[in-house]
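# Reading the structure
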Amino acid sequence: MSSMNRRSFVKVAGAAGAAALLAGCSGNGTQEPADDTQSDDATGEADYTLVKEGVLTNVAELGFSPFEYIDDEGNTVGFDVDLSNALAEKMGLTCEWLPNQAFDTLVPTIKQGGKADISIAGVTITDERLEDVDFTDPYLNSNQALIVAASSGYATDDLDAADVQIACQTGTTGDAWIQENLPNATRVPLADVTAGMMGVSTGSYQAMVIDLPVAQNMLAQSFSDLTILEEIPTGEQYGIAVSYDNPGLKDALNEALAAVEADGTMDELKQKWFGTTDI
Amino acid sequence: MQHRRGALLVALALALSGVFATVVPQPAQALTTEKATARPNEDGGDGVIGGMDTRLTWEGTVEPGEEVTSVTLTLPEGSTFEGSTTRITALEGLKRMDVTGEAVPSGSSITVSFDQAIPEGSLLRLEITNMQFPSAGGECTVTGTYEAAGATHELAPSDPISTIANTPLQSMVNWLDEQPWVEAWNSNQFLGMFLKPQLLLTSFASLAPGWLLCLGIVVAAYPFAIAIGLVFAMLKISRWRVVRAVAVTYINVLRGTPLFLQIYIMFFGLPMLNINIDNNLLGIIVVAINSSAYLAEIFRAGIQSIPQGQYEAASSLGMNYVQTMLTVILPQTVRRVIPTVTSDFITAFKDTSLLSSVGVMELMMFSKNLTTVTGNITPYVAAGIFYLIVTLPLIKVVSVIEENIARSERGAGPRPKRRAQIADNADELVGQAAKKDGVAAEVSAVAAPTASLAPASAKEVATDVC
Amino acid sequence: MSAKLRHRAPAIEVPPALPADEAARIAYEADQGLTSHAFTPGEHPIVRIEHLNKSFDETLVLKDVNLNVWPGEVVVVLGPSGSGKSTMLRCINLLERPSAGHILIEDEEITNKSTAEVNRLRRDVGMVFQQFNLFPHLTAKENVMIGQTKVLRRSREEAEAEALKQLAAVGLADRADFKPAQLSGGQQQRVAIARAVAMHPNVLLFDEPTSALDPELVRGVLDVMRDLAENSGMTMIVVTHEMGFARDVADRVVFMEEGVVVEQGRPEKVFDHPENARTAEFLGSIK
């Protein structure tokens, strides 16, 4: 049973790796153009530039379920996908996703500009990142999780040792957390979350630190042999990364975020993807 | 089930704090210091260097029945919070509370006052970015005060944070920082992004271990690759169909799948079979096996490029198959394949970069980490230079050997001890002979077939028949 | 190698090989007038070819070839390209496997031997190739030594002494340390001859030894072969187009065409009074 799950998950991960196509926001299926007056309004007031006219181009690492991942049919789906569709709708735009990119390249991509307008990819707002890119208002709170094999019997303190290898996704806040809080352990930054979980599952690595919602989702879906040893209260907040050169876009996104909060769409999406609005 | 585990742990730690010898019992306090850490700011290292911007993270728990309205953190003399930014996070369990406030630096202290009091049971985190520890380094304990219910109390001191004084490398970087030409250089977007002098310097220092590991892996793997490759080359030209099929399967599967995939299968597959090997050793094994398939093809093509006449000459002397192979065919094959094998070695060396995907701490891994930390491409350029240090001389070696072989096959090789009169038309004669031999060999599927592998003999059988 | 070339051609039925004494008696009778070689009564041919057939795929290139070669005899095989003469020569040391028929060396049937036995037999049958086939990674001396040390298990010193002796015999004592690529074609072929002779074979086969050489280099090689024929008493079977050599040196000339021995006899007989019209035409055209 668990192996079934894993197999199907591996397939998904493979698809994510292979997806080299521009993935439209197919998650919502047919999408009617936004309400006319509203879209006129939005575009009329819009004081921002887009890589592609009328399109909100998003770049993300597409192996971060349930935020953005490739489903069995090869569609890019997830909470962030639905949210960006909702935001685009409010702004009178459609939205497209660039092919999968490593997480640590997202901020530089936005900073350099020209390829993508935004990165909505479970990116935590940090002061370091703020030196390179701007962020919208936070749209979701998150924490970190320390994952080990259920059978390992580790305590957190056991892990701060040189012969312990702790996986993380390169450039994430989990990556930084290990450096600072388990300085003696050997940190193993990987491009792919699944690779890290597989590694912990097979014993290549002893632990992994990754965003709590992702850990909960993937453990429930595929890695029943892993367990969350510690939920690390970081209280970090996801924001949408935008270039400093495009302040109008940030304002428009903030406006759209507020609208999505106000009309209940946000709660709807949280309910859909996390089974609770209390997150 | 895991819900609120963090909070539980905190409570547990508090309850048991008296039991553990390592935890010094604290007088009852309204705000208990949990921890204080600093982000490593050594370029390419993991030390916390004084006198340079870093981030201090301090955490404390507000005890039941208390509310905290402001916190002042104090570091040893010489630290500074000037120009820092502060991020305030308050959590109840995992649940974030909306807290705003204001941070006012004052020398080696910073006072953070909150717009709303932090309620009881909360975890309070202060992340102060772009502050500096004393340049002399040393153990830095965070002390300070907090205000609760209008009264000021002392904070329990944190565990010390180890900081170090500036390293020579870091001093050079700092020196570069001050140079006007460096600033001008870096102001060019391209140069600053790809060839930032400061980063180039630190990259070279911190990438060196990764570079050595790359070299170590490929140098350790290659003798095995050659041995295994030779075995499979011989199997592939065996006269037994089953043996050939085994060799063909091995070679084609390995050549027909990405190394990346092979790495994944080995790294995640073997442990599933309860085979647990050290990562670096596993890297050596993967590189050896992968290269062996390419080398098998190179050797096979090399062996088959030896003219049929060589086998016949050996046979006519009465040599058996093993003698023919060992004394006649393989010695010639070795000379012919050296350039291609060297090319494959170069490829294998570069391919070690793929091992970073599974956490082998090789060159790309180090540069990726550096790039992540700095948001700059220069570490990759430095990695490129490291690769070139190995590959450029080898590329040169390949071309020199190829030239030598071409020359010796044309018949103008180096002269032995004595100079001798040689028929002027010797070159031409050998050339003619070669032409008569000249049916193109089955050109190997090797990535970089060299000229030396191409000519091979026609089956001389045909000469008299047709 | 030979295994690869094996094929499925229609089986050719040939009678079994004759008993040795009977064959020797018949051959003695038959060859008296065909060769200028001096016989000893009771002697047996060193090479006996009976009903030899060879086909490649569907093409029959040797058709019922019969030939005897006597110890110390020099036989030159002539014929147009494609006449099967090289194939016949290559059958004698089993570089080609006969399709049918018998080849006997010193009355020992060689066509039905295992690989190991074939290797043993080849020690006693030397071969000189059109393309020399020297081992390019070895010096002239090492080329001459390698068969001696690896196959005959002679000591290095012994092999080296023999190699220098044979290289001197072909006039290349001063080229002993040269690699083949540093030698002219003629020199290479002389090294190849030294390599074959150093094995002290019973029979030495020459497969168009001068065809790949420029005209001015042919003489040196022929001189070596002539010396070998006249002074060593070596049994030689030579496939060549060199008419002068055939006329001067051969004990017997064999003319082949389209896989058949058309005519054989003493050189003066075949050259001056050919019985067969095709022989006459060929010799006329080649002169």
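Anyway, here's the lowdown on the structure attached to this text. This structure is a prediction, so every number in the text was calculated from the model and none was measured.

### Let's talk about the environment of Ala246 of chain C
Residues and elements named next belong to chain C.
- Relative to the assigned elements, Ala246 resides in helix α9 (residues 243-249).
- When the C-alpha atoms of Ala246 and Val76 are compared, they prove to be 5.9 Å apart, with 170 residues separating the residues in sequence.
- Beyond its immediate sequence surroundings of up to four residues, Ala246 is in contact with Val76, Leu78, Val253, Pro267 and Phe271.

### Some points on helix α3 (residues 79-91) of chain A
Residue and element names in this part refer to chain A.
- An ideal rise of 1.5 Å per residue puts 18 Å on 13 residues; α3 measures up with 18 Å between its terminal C-alpha atoms.
- In terms of burial, α3 is a largely internal element, eleven of the 13 residues being buried.
- Along α3, the positions that sit buried rather than exposed are Phe79, Asp80, Val81, Asp82, Leu83, Ser84, Asn85, Ala86, Leu87, Ala88 and Met91.

### Examining the pairing of strand β6 (residues 101-106) of chain B
Residues and elements named next belong to chain B.
- Two elements, β6 and strand β7 (residues 109-118), share six bridges in a ladder whose sense is antiparallel. In the sheet register, Ser106 faces β7, and the bridge partner there is Ser109.
- In this antiparallel pair of consecutive strands, β6 and β7, the connection spans two residues, and Gly107 shows a positive phi of 60 degrees.

### Brief notes about the sheet that holds strand β1 (residues 47-56) of chain C
Residue and element names in this part refer to chain C.
- Across the sheet, which stays open at both edges, the four strands sit in the order β2-β1-β4-β5 with antiparallel pairing between neighbours. Taken across any chain shown, the strands that pair with only one partner, and hence form the sheet edges, are β2 (59-69) and β5 (108-109).
- Taken together, the seven bridges between β1 and β2 define a ladder with antiparallel strand orientation. Looking at β2, one finds that Val47 is bridged to Val69.
- Across the sheet, helix α3 (residues 85-92) lies against β1, β2 and β4 (100-105), angled at about 120 degrees from β1, the strand it touches most.

### Section: the pattern of salt bridges
- Within this structure, the stated rule accounts for 34 salt bridges over all chains.
- Residue Lys90 of chain A pairs with Asp263 of chain A through a salt bridge whose shortest N-O separation is 2.6 Å. Of the two residues, Lys90 of chain A sits in helix α3 while Asp263 of chain A sits in the loop between α9 (247-262) and α10 (265-274), which places them 173 residues apart along the sequence.
- Among the residues examined, Asp263 of chain A registers a relative accessible area of 40% and is labelled partly exposed.
- Through salt bridges with shared partners, a single network forms among Glu128 and Glu180 of chain A together with Arg39, Arg55 and Glu127 of chain B.

### Brief notes about the sheet that holds strand β5 (residues 76-77) of chain A
Residue and element names in this part refer to chain A.
- What the three strands build is an open sheet, ordered β3-β4-β5; its pairing is antiparallel. At either end of the open sheet lies a strand with only one pairing partner, and these are β3 (63-64) and β5.
- Where strand β4 (residues 68-70) lies against β5, two bridges are found, and the strand directions are antiparallel. If you follow Tyr69 over to β5, its bridge partner there is Val77.

### Overview of the side chain of Asp175 of chain A
- Within the element layout of this structure, Asp175 of chain A appears in helix α6 (residues 173-181).
- Dropping the residues within four chain positions of it, Asp175 of chain A is found in contact with Cys168, Gln169, Thr170, Arg187 and Pro189 of chain A.

### Focus on the interface of chain B and chain A
- Contact with chain B, which involves 43 residues of that partner, is made by 42 residues of chain A.
- Roughly 3600 Å² is buried in total at the junction of chain B and chain A, and carbon and sulfur atoms are behind 47% of that figure.
- Scanning the region where chain B abuts chain A turns up five salt bridges.
- As a salt-bridge pair, Arg55 of chain B and Glu128 of chain A come within 3.5 Å of each other at their nearest N and O atoms.
- For the pair chain B and chain A, the interface holds 17 residue pairs in polar contact (both at pLDDT 80 or more).
- Secondary-structure elements contributing two or more residues to the side of chain B that touches chain A are α1 (5-16), β1 (31-38), β2 (53-62), β4 (85-92), β5 (95-97), β8 (123-132), α7 (259-272) and α11 (363-374) of chain B.
- By residue class, the composition of the side of chain B that touches chain A is 15 nonpolar, 18 polar and ten charged.

### So, the nonpolar core
- Phe79, Tyr139 and Met197 of chain A are the most contacted members of the largest nonpolar core, which totals 114 residues.
- A total of eleven residues in this core trace back to one element, the largest contributor, which is helix α5 (residues 197-236) of chain B.
- Each residue touching Phe79 of chain A, except ones within four places of it in the same chain, is listed here: Pro66, Phe67, Tyr139, Leu140, Met266, Leu269, Lys270, Trp273 and Phe274 of chain A.
- In terms of nonpolar packing, the next biggest core, distinct from the first, is built from 50 residues, Met145, Leu183, Leu204 and Leu228 of chain C among them.

### Side note on α6 of chain A
- In terms of residue burial, α6 of chain A counts as a mostly covered element, since eight of its nine residues are buried.
- Buried residues of α6 of chain A: Thr173, Gly174, Asp175, Ala176, Trp177, Ile178, Glu180 and Asn181 of chain A, and no others.

### Some points on the packing of aromatic side chains
- Per the counting criterion, the structure on display carries 17 aromatic pairs over all chains.
- Ring centres of Phe232 of chain B and Tyr250 of chain B lie 3.8 Å apart, and the angle between their planes is 5 degrees; on these two criteria the pair is classed as stacked. One end of the pair, Phe232 of chain B, is in helix α5; the other, Tyr250 of chain B, is in helix α6 (residues 241-256), and 18 residues separate them in sequence.
- Between the NZ or CZ atom of Arg175 of chain C and the centre of the ring of Phe178 of chain C, over which it lies, the distance is 5.3 Å.
- Across the ring face of Phe135 of chain C, the terminal group of Arg195 of chain C is positioned such that the distance to the ring centre comes to 4.7 Å.

### What to know about the packing of helix α2 (residues 168-178) of chain B against α5 of chain B
Residue and element names in this part refer to chain B.
- Where α2 contacts α5, the axes come no closer than 9 Å and their chain directions differ by 165 degrees. Judged by the angle between their axes, α2 and α5 are roughly antiparallel. For α2 against α5, the interelement crossing comes out right-handed. Across from Leu169, Met172, Val173, Leu176 and Asp177 in α2, the residues of α5 making contact are Pro197, Gln198, Leu201, Thr202 and Ala205.
- Split by residue class, the contact of α2 with α5 holds seven nonpolar, two polar and one charged.

### Observations regarding the environment of Arg335 of chain B
All names here are of chain B.
- With respect to the helices and strands, Arg335 occurs in helix α10 (residues 321-351).
- Judged by relative accessible area, which is 37%, Arg335 ranks as partly exposed.
- It is 7.8 Å that separates the C-alpha atoms of Arg335 and Ile405, two residues lying 70 residues apart in sequence.

Rules and cut-offs
Residues numbered from 1 in each chain as written. Chains lettered and ligands numbered in written order. Predicted model: local features only at pLDDT ≥ 70, side-chain atom pairs only at ≥ 80, totals over all residues. Heavy atoms only, no water. Helix = DSSP H or I, 4+ residues; strand = E, 2+ residues; numbered from the N terminus. Contact = heavy atoms within 4.5 Å. Expected span 1.5 Å × (residues − 1). Buried < 20%, exposed > 50% of the residue type's maximum accessible area, 1.4 Å probe, protein only. Pairing = 2+ DSSP bridges. Axes fitted to C-alpha atoms, helices over the stretch in contact; angles between N-to-C directions. Salt bridge = Lys/Arg side-chain N within 4 Å of Asp/Glu carboxyl O. Buried area = accessible area lost by both parts, 1.4 Å probe. Polar contact = N/O pair within 3.5 Å; in protein donor to acceptor, adjacent residues only side chain to side chain. Nonpolar A, V, L, I, M, F, W, Y, C, P; charged D, E, K, R; others polar. Core = buried A, V, L, I, M, F, W, Y, C linked by side-chain atoms within 4.5 Å. Phe/Tyr/Trp six-rings, centres within 6.5 Å; stacked < 30°, edge-to-face > 60°. Lys NZ or Arg CZ within 6 Å of the ring centre and 35° of its normal. Parallel < 35°, antiparallel > 145°, perpendicular 65-115°, else oblique. Left-handed = near helix turned anticlockwise from the far one by under 90°.

Everything listed is a geometric property; what it means functionally is a separate question.
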